[in-house]
Number of protein chains: 2
Amino acid sequence: MANNNAIKNEAITGRDVDFAQWYTDVCRKAELMDYSSVKGFIDYLPYGYAIWEQIQGFADKKFKEHGTENVYLPCVIPSSLFNKEKEHIDGFAPECLIAKIGGGKELEDPLIIRPTSEILFSDLYKRQVSSYRDLPKIYNQWCSVVRWEKTTRPFLRGSEFLWQEGHCLFETEEEARKNALDMLEVYDSIGRDLLAIPFLKGRKTEHEKFAGAIDTYTIEALMHDGKALQSGTTHYLGTGFAEAFGIQYLGHDNKLHAPHQTSWGVSTRLIGAVIMVHGDDNGLVLPPRVAPTQVVIVPIRQQDPTILPACREIEAKLKALGVRVKVDASDKTPGWKFAEWEMKGVPLRLELGPRDLAEGKVTLAKRYNGEKLTGSIAAIEEEIPALLEAIQEEMYQKAKAFLDSQIVDVKDLDELKSALDKGGYVRMAYDGTPESEDKIKAYTNGGTARCIYKDAPAGTVCPVSGKEAKVIAYFAKAY
Amino acid sequence: MANNNAIKNEAITGRDVDFAQWYTDVCRKAELMDYSSVKGFIDYLPYGYAIWEQIQGFADKKFKEHGTENVYLPCVIPSSLFNKEKEHIDGFAPECLIAKIGGGKELEDPLIIRPTSEILFSDLYKRQVSSYRDLPKIYNQWCSVVRWEKTTRPFLRGSEFLWQEGHCLFETEEEARKNALDMLEVYDSIGRDLLAIPFLKGRKTEHEKFAGAIDTYTIEALMHDGKALQSGTTHYLGTGFAEAFGIQYLGHDNKLHAPHQTSWGVSTRLIGAVIMVHGDDNGLVLPPRVAPTQVVIVPIRQQDPTILPACREIEAKLKALGVRVKVDASDKTPGWKFAEWEMKGVPLRLELGPRDLAEGKVTLAKRYNGEKLTGSIAAIEEEIPALLEAIQEEMYQKAKAFLDSQIVDVKDLDELKSALDKGGYVRMAYDGTPESEDKIKAYTNGGTARCIYKDAPAGTVCPVSGKEAKVIAYFAKAY
């Protein structure tokens, strides 16, 4: 919904004209990032990084409530170590950046810049774990990882991205699976309670799971263009890494066992999700809880000597309540300021001019739908926080309604193809095999199983193989 | 001062027997870090990383109060870009780790894993700055850097360490120098107000300044063994990088100017400083403000059913006040627990047994000097926070008294040599030249100018060159 009251920002491509270009325009014009001189890498600028800091703060607190402890492991992995877990290396080898010179000398064991750290955590645990008394280990690190990508897109796919990676060890499969599912709930909460993004949540198919995992769980978001975005995954890794690295613990039964492992991660990709779920033709739209600036105060007739002090007073009151607020006292025109802060997606604009002041009022404009309200200066400390919470909830409900409207059920490949061409999620029963998914992808021009919805009812036939259908999955075209 | 009431921990080397071995023992036994399988790199374990998180939280808040914005730039620098600033590349080239393979192919322009990011920030600013309206830029990033070191020591020198690096651009030299000095004050405050470490603070000599800087400012701490530890530096870089990278802005005068640059950083080296300033023969000693756990509650006669609930109640009360507290309800003996938590440096131990409980009392033991006190359960919410603040202050005063006692003034090279052999800081007037410092270093077996104390009084003769002395510097042997 465009804001008809605002000056139309001509600098960006229309969202429904060219979504990919619109996305790039928003990333640049809202000053979230810049393209680095290092090919394939981006610079995370203050405004983009501040969003990441909000996500970090929210997630880190939840992780710690689940007993997670933060650590930091090396940013490089010796090749000799990397080669220990076969499936894993096969999955990551083609994307590796490899260092071969250190301190002026050729390295005997070249170092891979970490693409993910299962290997190093396994190696640490090998040294740290020998008894059931040493378990569980619930470790996480905040860092960047490098994956050499041919085609890149800001926040969505790049040669380096910021993330957190949890790597945990437990005595039993049950505890490990619980951890993988608990963390999936944390990720779901990042969407629901911070980013105003409803996720589809579920287990990945055999074809789509992580290299080296027994089971991968995922949160999947739906972008405005109808494409899915995998937004976070958690993995139950079984005992494969533990066995490859010789991690064993002496159990309560006085026998040696291999512990059960999990890993889980979310990344700066979530910033991409926020942009593509909420953004509009005027730019970025941020939900209040994640917005670095929640309220911008724009003085009207700033030259009037009563106006700026009144703006500052409101700012101080809101700041004292913990609201992230700023006054734009620059010498630009109000219209220019409106457009600029709309581009940056600030959830609430507060306008104050001499007439408002005389009447004890302010004009409030909600960024996400352009709605204008009148507020009372006297009640500002009650109204604004309540309004921010309301906006948060409304934005979630709007995104949820869109998601719900974009899920259809189909029964065969032609229906699937035509539904996927329209965009959104399409549920279909099939046999759950990688072979069928390969065929589906080819037939539908890129449709993939995003996650499993539920088991297929008994007796359903897979429209791909003609065999018995095992599961119903959500299919979509995805980033 | 050893705590005579505690079980002596036999696992670590005496501090005055072999300080280097003691240091390593503390790092390992307090579970601050582990040696990684990646040669020269360490694993930052939860307890060590939690100390870093305290430092980050404290510093980040102060940085932001000074208008700093956080960003994140790539972890690699193309060789072609790195070669643009001559002095800088000369300083760092021998320590570089260089990637030559990406995505299976030889890279045309090899990538240096960042040893510091002056280059990338300059490159970013080249793209972002064109007018005085774009200034100042006060950016910082939290990240790790890689410097290929031959000999390493946990937290003090390693092939990878965690740090923050501020990189800022200003219109004028005055603003830039003010930023470098403001940040030096922030660093000083990390010592004074968080780590209970008094720093010597001052400008580096020509010989010791950063590669590419006009002036380097430093905070220097004194370790228990009498050696200095450079703990953080800020740099006024002048316009050198700006000129090398072609950064120019259109000034208020409508002419093009090169902006003035600063950089500044502190690292996980500060953890090493905390260990070596405060630690004793029983292990780590943490000041309350930086301690991940400030109070450990040890139940005495834990089998008594009234004890654990009473401990939990005290824990809950203190937690509600924001005190970082935990009850050790493990099945170890109290003596064992005492030794373990002393090794980990928890500032305050609270013991509670049936007799204490009956009398409404608790026994309190200060980690840093072993002093035992009696506390009142009824007044626990007043007493404990006040006691923690008192311990913080006492630890600072103790460290300050030690530092003050270890500063002597000398007039010639022989006095300097003999004073430096004893340890501590030695002040001497000299001509301030790199040549004299080289001679001093050779003559004293490693003594270096740590920072400038003040200008030498007119007419003083340099004992090294026989020329006029320019400055009085603090000399020390340093890590």
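Scroll up a little and you will see the structure.
Residues numbered from 1 in each chain as written. Chains lettered and ligands numbered in written order. Predicted model: local features only at pLDDT ≥ 70, side-chain atom pairs only at ≥ 80, totals over all residues. Heavy atoms only, no water.

K.L.:
Looking at this structure, I do not really get the environment of Glu415(B). What am I missing?
P.N.:
Residue and element names in this part refer to chain B. Here glutamate 415 shows up in helix 13 (residues 413-422). Sequence-wise, glutamate 415 and valine 461 are 46 residues apart; in three dimensions their C-alpha atoms are separated by 15 Å. Within polar-contact distance, the side chain of glutamate 415 engages the backbone nitrogen of lysine 411 at 2.8 Å. (Helix = DSSP H or I, 4+ residues; strand = E, 2+ residues; numbered from the N terminus. Polar contact = N/O pair within 3.5 Å; in protein donor to acceptor, adjacent residues only side chain to side chain.)

K.L.:
Help me out: how do you make sense of the packing of aromatic side chains in this one?
P.N.:
In this description, an aromatic ring pair is defined by two values, namely the gap between the centres and the angle between the planes. Residues and elements named next belong to chain A. Under the counting rule described, the total for this entry stands at 30 aromatic pairs over all chains. Seen from their ring centres, phenylalanine 63 and tyrosine 187 are 6.4 Å apart, and the 70 degrees between their planes marks the pair as edge-to-face. Remark: tyrosine 187 occurs in helix 6 (residues 173-195) and phenylalanine 63 occurs in helix 2 (residues 46-65); sequence separation between them is 124 residues. You'll find phenylalanine 63 and tyrosine 187 in the same group, each marked buried. Plain terms: the ring middles of tyrosine 425 and tyrosine 474 are 5.9 Å apart, the flat faces sit at 80 degrees to each other, and that makes the pair edge-to-face. Residue tyrosine 425 is found in strand 21 (residues 425-430), and its partner tyrosine 474 is found in strand 23 (residues 471-476); the two are separated by 49 residues along the sequence. For tyrosine 425, a relative accessible area of 0% translates into the label buried. Through a chain of ring-to-ring contacts, the aromatic side chains of Trp52, Phe63, Trp142, Tyr187 and Trp264 assemble into a single cluster. (Phe/Tyr/Trp six-rings, centres within 6.5 Å; stacked < 30°, edge-to-face > 60°. Buried < 20%, exposed > 50% of the residue type's maximum accessible area, 1.4 Å probe, protein only.)

K.L.:
Is there a simple way to explain the interface of chain B and chain A in this structure?
P.N.:
By a frequent convention, interface size equals the accessible area lost on bringing the separate parts together. Between chain B and chain A, the contact holds 51 residues from the first and 51 residues from the second. Summed over both sides, the interface between chain B and chain A buries roughly 4100 Å², with carbon and sulfur atoms accounting for 60% of that surface. In this assembly, chain B and chain A are joined by six salt bridges. Residues Asp43(B) and Arg127(A) are paired through a salt bridge, measuring 2.9 Å at the closest nitrogen-oxygen approach. For the pair chain B and chain A, the number of links is 28 residue pairs in polar contact (both at pLDDT 80 or more). With six residues, the single largest contributor to the side of chain B that touches chain A is strand 5 (residues 97-102) of chain B. Across the side of chain B that touches chain A, the residue classes break down as 31 nonpolar, eight polar and 12 charged. By the bridge criterion, five bridges tie strand 5 (residues 97-102) of chain A to strand 5 of chain B in an arrangement that is antiparallel. Looking at strand 5 of chain B, one finds that Ile101(A) is bridged to Ile98(B). (Contact = heavy atoms within 4.5 Å. Buried area = accessible area lost by both parts, 1.4 Å probe. Salt bridge = Lys/Arg side-chain N within 4 Å of Asp/Glu carboxyl O. Nonpolar A, V, L, I, M, F, W, Y, C, P; charged D, E, K, R; others polar. Pairing = 2+ DSSP bridges.)

K.L.:
How should the pattern of salt bridges be read in this particular structure?
P.N.:
Under the counting rule described, the total for this entry stands at 74 salt bridges over all chains. A salt bridge links Asp34(B) to Arg127(A); the nearest nitrogen and oxygen atoms lie 2.8 Å apart. Within this pair, whereas Asp34(B) is found in strand 1 (residues 33-35), its partner Arg127(A) is found in helix 5 (residues 118-128), the two belonging to separate chains. According to the relative accessible area criterion, Arg127(A) is partly exposed, its value standing at 32%. A salt bridge links Lys317(B) to Glu313(B), with the shortest nitrogen-to-oxygen separation between them at 4.0 Å. Of this pair, Lys317(B) and Glu313(B) both sit in helix 9 (residues 307-320), separated by four residues, roughly a single helical turn. Given the relative accessible area of 30%, Lys317(B) is considered partly exposed. Salt bridges sharing common partners tie together Arg28(A), Asp34(A), Asp43(A), Asp123(B) and Arg127(B).

K.L.:
What should I look at first to understand the environment of Leu200(B) in this one?
P.N.:
All names here are of chain B. With respect to the helices and strands, leucine 200 occurs in strand 9 (residues 200-203). Along the backbone, leucine 200 and aspartate 188 are 12 residues apart, and their C-alpha atoms lie at a distance of 8.6 Å. Excluding residues that lie within four positions of it along the chain, leucine 200 makes contacts with Thr218, Ile219, Glu220, Leu403, Ile407, Tyr425 and Tyr474.

K.L.:
Mind showing me how you'd approach the pairing of strand 21 of chain A here?
P.N.:
As a general feature of sheets, a regular strand has side chains that alternate between the two faces. Residue and element names in this part refer to chain A. The buried count for strand 21 comes to six of six residues, which makes it a mostly enclosed element. In strand 21, alternate side chains face the same way, and those of Tyr425, Arg427 and Ala429 on one face and Val426, Met428 and Tyr430 on the other are all buried. Direction of pairing for strand 20 (residues 407-409) relative to strand 21: parallel, over a ladder of three bridges. By the bridge assignment for strand 21, isoleucine 407 is matched with tyrosine 425. Crossover handedness for the path strand 20 to helix 13 (residues 413-422) to strand 21: right-handed. (Right-handed = clockwise from strand over helix to strand, strands pointing away.)

K.L.:
Teacher, can you tell me more about the sheet that holds strand 20 of chain A here?
P.N.:
Hydrogen bonding along the main chain pairs the strands of a sheet, whether they run parallel or antiparallel. All names here are of chain A. Spatially, the four strands line up as an open sheet ordered 20-21-23-22, and their pairing is mixed. Whereas interior strands pair on both sides, the edge strands pair on one side only; in this sheet they are strand 20 and strand 22 (448-455). Put simply, the sheet's adjacent strands are angled 30 degrees from each other on average, direction ignored. In the sheet, strand 21 pairs with strand 23 via five bridges, with the strands oriented antiparallel. Counterpart to arginine 427 in the pairing with strand 23 is tyrosine 474. Along the sheet face, helix 14 (residues 434-443) touches strand 21, strand 22 and strand 23 and points at about 140 degrees away from the line of strand 21. (Axes fitted to C-alpha atoms, helices over the stretch in contact; angles between N-to-C directions.)

K.L.:
Got a minute to help me understand the relation of the copies chain B and chain A in this structure?
P.N.:
Both copies of the chain are related by a screw-like operation: a rotation about an axis and a shift along it. Superposing chain B onto chain A takes a rotation of 180 degrees combined with a translation of 0.0 Å along the rotation axis, leaving an RMSD of 0.0 Å. What the rotation and shift describe, once combined, is the action of a two-fold rotation axis. Measuring from the rotation axis to each C-alpha of chain B, the shortest distance belongs to Ala99(B), at 1.8 Å. Taken as a fraction of all interface residues of chain B, those also at the interface in chain A reach 100%, which identifies the copy contact as same-surface. (Least-squares fit on C-alpha atoms with pLDDT ≥ 70 in both.)

K.L.:
Looking at this structure, how should I read helix 9 (residues 307-320) of chain A?
P.N.:
Given 3.6 residues to a turn, an α-helix orients residues that are three or four positions apart in the same direction. Residue and element names in this part refer to chain A. Between its first and last C-alpha atoms helix 9 spans 20 Å; for 14 residues at 1.5 Å apiece the expected length is 20 Å, and the two agree. In this structure, the buried side of helix 9 is in contact with strand 15 (295-299), strand 16 (325-327), strand 17 (348-352), helix 11 (354-359), strand 18 (361-366) and helix 12 (380-405). Following helix 9 by one or two positions, glycine 322 has its phi on the positive side, about 90 degrees. (Expected span 1.5 Å × (residues − 1).)

K.L.:
Would you take a moment to explain the side chain of Arg427(A) for this structure?
P.N.:
All names here are of chain A. As for its position among the elements, arginine 427 is in strand 21. On the basis of relative accessibility, which here comes to 15%, the residue arginine 427 falls in the buried class. Within the structure, the side chain of arginine 427 is placed 2.9 Å from the side chain of aspartate 409, a separation counted as a polar contact. Of the polar contacts made by the side chain of arginine 427, one reaches the side chain of tyrosine 474; its length is 3.2 Å.

K.L.:
Please explain the sheet that holds strand 23 (residues 471-476) of chain B as it appears in this structure.
P.N.:
Residue and element names in this part refer to chain B. Ordered by their spatial adjacency, four strands build an open sheet running 20-21-23-22, and the pairing between neighbours is mixed. Two strands lie at the open edges of the sheet, namely strand 20 (407-409) and strand 22 (448-455), each paired on one side alone. Direction aside, the axes of adjacent strands within the sheet are offset by 30 degrees on average. Two elements, strand 22 and strand 23, share six bridges in a ladder whose sense is antiparallel. In the sheet register, isoleucine 452 faces strand 23, and the bridge partner there is alanine 473.

K.L.:
In this structure, what is going on with unusual backbone geometry? I would like to understand it.
P.N.:
Residues and elements named next belong to chain A. Each neighbour pair has its own omega, and for leucine 135 with proline 136 the value is -5 degrees, a cis peptide bond. Tracing the sequence through the fold places proline 136 in the loop between helix 5 and strand 7 (137-146). The phi torsion at alanine 196 lies on the positive side, around 55 degrees, for a residue other than glycine. Structurally, the position occupied by alanine 196 is in the loop between helix 6 and strand 9 (200-203).

K.L.:
Would you mind showing me how to read the packing of helix 9 of chain B against helix 12 (residues 380-405) of chain B here?
P.N.:
Describing two packed helices takes the angle between their axes plus the distance from one axis to the other. Residue and element names in this part refer to chain B. For the pair helix 9 and helix 12, interaxial distance at closest approach is 10 Å and the crossing angle is 60 degrees. Once helix 9 is placed against helix 12, the crossing between them reads as right-handed. Contacts from Ile314, Lys317 and Leu318 of helix 9 reach helix 12 at Ile380, Glu381 and Ile384. In terms of residue class, the contact of helix 9 with helix 12 is made up of four nonpolar, no polar and two charged. (Left-handed = near helix turned anticlockwise from the far one by under 90°.)

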